[in-house]
Amino acid sequence: MGSSSIPPQSPPTSRALSARTPGWALRERPGRSNRFQLADPPNCSPCGGPGLLLAQFPHSWKNARGEDVNGLREAVLCPACDCGEPAADELLALFAVDDQVGLSNVEVFGRLVAAWVESVRQNA
C-alpha cells in the first residue's frame, strides 16, 4: 500500500524508453507539445498490422465560419503502410537497427520522429 504507481498515460521520468516498455515520450516545443507512445501502440487503422509508434500532435483547421479550430491528431507508424515515404523510411530504419530509444540514439530519434510527424501533418 505504501507504493505509488504512475498512470499509464503519464509521461515517464526516464529519458530512455524501451519499445517494449509502456510509456510516453514527451517532446516540448514552444506553443506545441507532441507525445509519442513507443510501447504497445495501436494497430494501423488501414491495414490492421502492428504499429511501431503512436504520435499525438497539435493539429488545427478552419471551420465553416473560417475560425481556427485547435485539436490533436494521432498517427501510427506502420512498417507496411508507411514504407516508401522518405521520412517514415528513415524512422523505420532506426527501429530496424535499434530496439530501444535511449541516450545513445535519442537525438537521432528526435530528429527522425519530428520529420515524420511534419510529413504526416503536411499530408493531412
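The structure under discussion appears in the preceding block.
Rules behind the numbers
- Residues numbered from 1 in each chain as written.
- Predicted model: local features only at pLDDT ≥ 70, side-chain atom pairs only at ≥ 80, totals over all residues.
- Heavy atoms only, no water.
- Helix = DSSP H or I, 4+ residues; strand = E, 2+ residues; numbered from the N terminus.
- Expected span 1.5 Å × (residues − 1).
- Buried < 20%, exposed > 50% of the residue type's maximum accessible area, 1.4 Å probe, protein only.
- Axes fitted to C-alpha atoms, helices over the stretch in contact; angles between N-to-C directions.
- Left-handed = near helix turned anticlockwise from the far one by under 90°.
- Contact = heavy atoms within 4.5 Å.
- Nonpolar A, V, L, I, M, F, W, Y, C, P; charged D, E, K, R; others polar.
- Polar contact = N/O pair within 3.5 Å; in protein donor to acceptor, adjacent residues only side chain to side chain.
- Pairing = 2+ DSSP bridges.
- Phe/Tyr/Trp six-rings, centres within 6.5 Å; stacked < 30°, edge-to-face > 60°.
- Salt bridge = Lys/Arg side-chain N within 4 Å of Asp/Glu carboxyl O.

(A) Region of the structure containing helix α2 (residues 106–122). In a regular helix each residue adds 1.5 Å, so 17 residues correspond to 24 Å; α2 covers 24 Å between its end C-alpha atoms and thus fits that length. Among the residues making up α2, those that are buried are Phe109, Gly110, Leu112, Val113, Trp116, Val117, Val120 and Arg121.

(B) Main features of unusual backbone geometry. Even without being glycine, Asp40 reaches a positive phi, approximately 50 degrees. Checked against the element boundaries, Asp40 lands in the loop between β3 (32–37) and β4 (53–62).

(C) Geometry of the packing of helix α1 (residues 86–97) against α2. Packing of α1 against α2 brings their axes to within 8 Å, and their N-to-C directions diverge by 145 degrees. α2 is crossed by α1, and the crossing has left-handed handedness. Residue-level inspection shows Ala87, Ala88, Glu90, Leu91, Leu94 and Phe95 of α1 in contact with α2, the latter providing Val108, Phe109, Arg111, Leu112, Val113, Ala115, Trp116 and Ser119. Partitioned by chemical class, the residues of the contact of α1 with α2 number 11 nonpolar, 1 polar and 2 charged.

(D) Quick peek at the side chain of Gln37. By secondary structure assignment, the location of Gln37 is in strand β3. Among the polar contacts made by the side chain of Gln37, one reaches the main-chain carbonyl oxygen of Asp40 at a distance of 3.1 Å.

(E) Broad picture of the pairing of β4. With 10 bridges joining them, β4 and strand β5 (residues 68–77) adopt antiparallel strand pairing. Looking across to β5, one finds that Ala55 is bridged to Ala75. Where β4 folds back on β5, the antiparallel hairpin that results is connected by 5 residues, among which Gly66 adopts a positive phi of roughly 85 degrees.

(F) Quick peek at the packing of aromatic side chains. Under the defined criterion, the tally for this structure stands at 2 aromatic pairs. With 6.3 Å between their ring centres and 80 degrees between their planes, Phe36 and Phe109 make a pair best called edge-to-face. Of this pair, Phe36 sits in strand β3 while Phe109 sits in helix α2, and the two are 73 residues apart along the sequence. Measuring from ring centre to ring centre gives 6.3 Å for Phe95 and Phe109, while their planes differ by 75 degrees; the resulting arrangement is edge-to-face. Here Phe109 lies in helix α2 and Phe95 lies in helix α1, a separation of 14 residues in the sequence. As far as burial versus exposure is concerned, Phe95 and Phe109 are alike and both buried. Taken together, the ring pairs in this structure connect Phe36, Phe95 and Phe109 into an aromatic cluster.

(G) Representation of the pattern of salt bridges in the model. Evaluation of the coordinates by the stated rule reveals 3 salt bridges. In this structure, Lys62 engages Asp68 in a salt bridge whose closest nitrogen and oxygen atoms are separated by 2.8 Å. Look at Lys62 and you get exposed, because its relative accessible area is 54%. Note that Glu118 and Arg121 form a salt bridge whose closest N and O atoms lie 3.3 Å from each other.

Geometry only, nothing functional implied.
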